[in-house]
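Residue-level structural notes
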Amino acid sequence: MVCYSYTTPQISSEIPNARTSARFLRIDDYTVELMGGMGTDLLMDLRIYDGSSKKWRRQFYANEERHIIPTGRFGHSVDRYKNNLILYGGAGPFKEKLK
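In this report, the structure presented in the accompanying data block is examined.

Basis of the calculations
- Residues numbered from 1 in each chain as written.
- Predicted model: local features only at pLDDT ≥ 70, side-chain atom pairs only at ≥ 80, totals over all residues.
- Heavy atoms only, no water.
- Helix = DSSP H or I, 4+ residues; strand = E, 2+ residues; numbered from the N terminus.
- Buried < 20%, exposed > 50% of the residue type's maximum accessible area, 1.4 Å probe, protein only.
- Contact = heavy atoms within 4.5 Å.
- Areas by Shrake-Rupley, 256 points an atom, 1.4 Å probe, with all protein chains shown as cover.
- Pairing = 2+ DSSP bridges.
- Phe/Tyr/Trp six-rings, centres within 6.5 Å; stacked < 30°, edge-to-face > 60°.
- Core = buried A, V, L, I, M, F, W, Y, C linked by side-chain atoms within 4.5 Å.
- Salt bridge = Lys/Arg side-chain N within 4 Å of Asp/Glu carboxyl O.

A tally of regular secondary structure across the chain gives zero helices and six strands. When the helices and strands of the chain are read in sequence order from the N terminus, they spell out β-β-β-β-β-β. Residues classed as buried in the chain amount to 24% of the 99 residues present. For the chain, long-range pairs separated by at least 24 residues make up 39% of all intrachain contacts whose partners lie at least 6 apart in sequence. Taken as a whole, the chain presents about 7800 Å² of accessible surface, with 54% of it coming from carbon and sulfur.

Burial analysis of strand S3 (residues 42–50) places seven of its nine residues in the buried class, the great majority of the element. By the bridge criterion, seven bridges tie strand S2 (residues 31–38) to S3 in an arrangement that is antiparallel. Within the sheet, the bridge partner assigned to Glu-33 lies in S3 and is Ile-48. Where S2 hands over to S3, the hairpin turn is made up of three residues, counted between the paired strands. In this structure, S3 lies alongside strand S4 (residues 55–59), joined through five bridges in antiparallel fashion.

Moving on, we get to the packing of aromatic side chains. Evaluated as defined, the whole model comprises one aromatic pair. Consider the rings of Tyr-49 and Trp-56, whose centres lie 5.2 Å apart with planes at 45 degrees: the pair is tilted. Under the relative-accessibility criterion, Tyr-49 is labelled buried at 14%.

A few words on the nonpolar core. Ranked by size, the top nonpolar core spans six residues in total: Leu-25, Met-35, Met-44, Leu-46, Tyr-61 and Val-78. Not counting residues within four places of it along the chain, the set of residues in contact with Met-44 comprises Met-35, Gly-36, Tyr-61, Pro-70, Thr-71, Gly-72, Arg-73 and Leu-87.

Attention now goes to the pattern of salt bridges. A side chain of one charge can pair with a side chain of the opposite charge when the charged atoms of the two come close. A full pass over the atoms with the stated rule returns four salt bridges. In this structure, the salt-bridge partner of Arg-19 is Asp-45, at a minimum N-O distance of 2.8 Å. Taken together, the residues Arg-19 in the segment before strand S1 (23–26) and Asp-45 in strand S3 connect sequence positions 26 residues apart. Between Asp-29 and Arg-26 there is a salt bridge, with its nearest N and O atoms 2.5 Å apart. In this structure Arg-26 comes out as exposed when scored by relative accessible area, which is 60%.

This is the structure:
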């Protein structure tokens with residue numbers, strides 16, 4: 001008989017807010033990235049969790065100071081290519097003009 005146990009890690013930083021339809025990317029054995037999703041609003045933040053330090057941090061986009069960032073979205077696909085994040089599809093904010 002095999003028994004497994006699970007312990008909840010003690011996080012020593014602010015955790016991301018609750019969300020659904022976000023995307024996780026595994027970077028290495030200790031690091032994952034969380035991108036987008038839908039909580040109380042559409043989100044497009046990029047959060048990185050380092051399992052070795054048990055800390056979350058927010059990663060700012062390279063062009064964020066110029067407000068060149070993707071719109072909030074959920075249900076998207078995302079992957080890494082070299083040092084870039086590739087974002088495809090998903091649903092974003094509803095545009096009233098498109099009715």
